[in-house]
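Tertiary structure, described
The residues making up each chain are set out below.
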Amino acid sequence: MRTLAQFLRVEFRGKGAQGYNDEMEYELKRSLRARTMRLAVHPDARVVVTAPPFFEHGAIEQFVAEHSAWISKHVERVRGRTVIRIRRNEISELKKRALAFASARSLHFGAMYAFTFRKISIRAQKSRWGSCSRAGNLSFNYKIAALPALIADYIIIHELCHLAHLDHSKEFWTLVEHAAPNYKDIRKKLRNMAFIFC
């Protein structure tokens with residue numbers, strides 16, 4: 001059952017009011033479910049404070065000021081990341097596109113390596129981009145459809161190479177390098193990406 005808290009709009013967005021944190025911008029969300037104040041730094045570097053409805057602005061400003069070092073540290077950590085926004089109502093379409101892409105590119109790179117695989121599946125994994133089973137089945141995250149083609153290709157190549165090496169040995173990476181000579185740079189770009197659902 002939905003609660004009123006899920007429908008409350010952002011009440012305040014701006015710089016600190018009472019001199020506590022004049023340089024810190026944040027969004028304030030009031031929630032009936034909140035019992036204490038919470039801080040969150042989102043992948044796009046937005047700072048969001050969630051507070052109960054009865055907390056006064058002065059107390060909230062002080063809370064933000066007291067945690068300014070923590071906020072700055074986490075904002076710096078996410079700043080500069082490549083943010084990809086995904087609309088929730090487009091996930092179904094992304095899964096279809098991911099399956100079509102993964103099927104075509106797996107056949108393409110499989111032919112290059114002379115590899116054969118059994119089947120391809122698309123999943124909604126939180127932290128993994130793909131997997132390869134001992135039986136030769138390949139699985140990919142549907143979010144590959146939202147990635148630049150070069151990075152998505154690397155993920156396909158990576159899992160295909162597990163058909164020959166189920167580890168991350170030197171031999172495995174040598175095999176990956178045949179089709180993706182700049183795989184190290186691609187891995188860095190991939191780790192620097194963040195997804196936001198809207």
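Look above for the structure.
Now for a description of the structure that goes with this document. As the structure is a prediction and not an experimental result, all values here were calculated from the model. (Residues numbered from 1 in each chain as written. Predicted model: local features only at pLDDT ≥ 70, side-chain atom pairs only at ≥ 80, totals over all residues. Heavy atoms only, no water.)

1. Description of the nonpolar core
Core analysis: the largest hydrophobic core is formed by 36 residues, its most contacted members being Phe 140, Ile 144, Leu 147, Tyr 154, Ile 157 and Val 176. Counting residues per element, the ones that place at least two in this core are β5 (82–86), α3 (91–113), β8 (138–141), α4 (149–161), α5 (170–179), α6 (183–191) and β9 (193–197). The dominant element in this core, judged by the number of residues it contributes, is α4, at eight residues. With 13 residues, the next largest nonpolar core counts Met 24, Leu 39, Ile 60 and Phe 63 among its residues. (Core = buried A, V, L, I, M, F, W, Y, C linked by side-chain atoms within 4.5 Å. Buried < 20%, exposed > 50% of the residue type's maximum accessible area, 1.4 Å probe, protein only. Helix = DSSP H or I, 4+ residues; strand = E, 2+ residues; numbered from the N terminus.)

2. Quick notes on the packing of α3 against α4
The N-to-C vectors of α3 and α4 enclose an angle of 60°; their axes lie 9 Å apart at closest approach. Judged on the interaxial angle alone, α4 and α3 are oblique. Between α3 and α4 the crossing geometry is right-handed. In contact with Phe 101, Ala 102, Arg 105, Ser 106, Phe 109, Gly 110 and Tyr 113 of α3, α4 contributes Ala 149, Ala 152, Asp 153, Ile 156, Ile 157, Leu 160 and Cys 161. A class-by-class count of the residues in the contact of α3 with α4 yields 10 nonpolar, two polar and two charged. (Axes fitted to C-alpha atoms, helices over the stretch in contact; angles between N-to-C directions. Parallel < 35°, antiparallel > 145°, perpendicular 65-115°, else oblique. Left-handed = near helix turned anticlockwise from the far one by under 90°. Contact = heavy atoms within 4.5 Å. Nonpolar A, V, L, I, M, F, W, Y, C, P; charged D, E, K, R; others polar.)

3. A short note on the sheet that holds strand β7 (residues 130–132)
Strand order in this open sheet of three strands is β6-β8-β7, and the pairing throughout is mixed. One side of each edge strand has no neighbouring strand; the edge strands of this open sheet are β6 (120–123) and β7. In this sheet, adjacent strand axes meet at a mean angle of 15° when their direction is disregarded. Relative to β8, β6 is paired through four bridges, and the arrangement is parallel. (Pairing = 2+ DSSP bridges.)

4. What to know about a positive patch on the surface
Side chains of Arg 118, Lys 119, Arg 123 and Arg 128 sit close together on the surface and give a patch of like positive charge. Tracing the backbone shows Arg 128 in the loop between β6 and β7. (Patch = residues over 30% accessible without salt bridge, like charges linked within 9 Å, V, L, I, M, F, W, Y side chains within 5 Å. Areas by Shrake-Rupley, 256 points an atom, 1.4 Å probe, with all protein chains shown as cover. Salt bridge = Lys/Arg side-chain N within 4 Å of Asp/Glu carboxyl O. Lys, Arg positive; Asp, Glu negative; His and termini not counted. Charge placed at Lys NZ, Arg CZ, Asp CG, Glu CD.)

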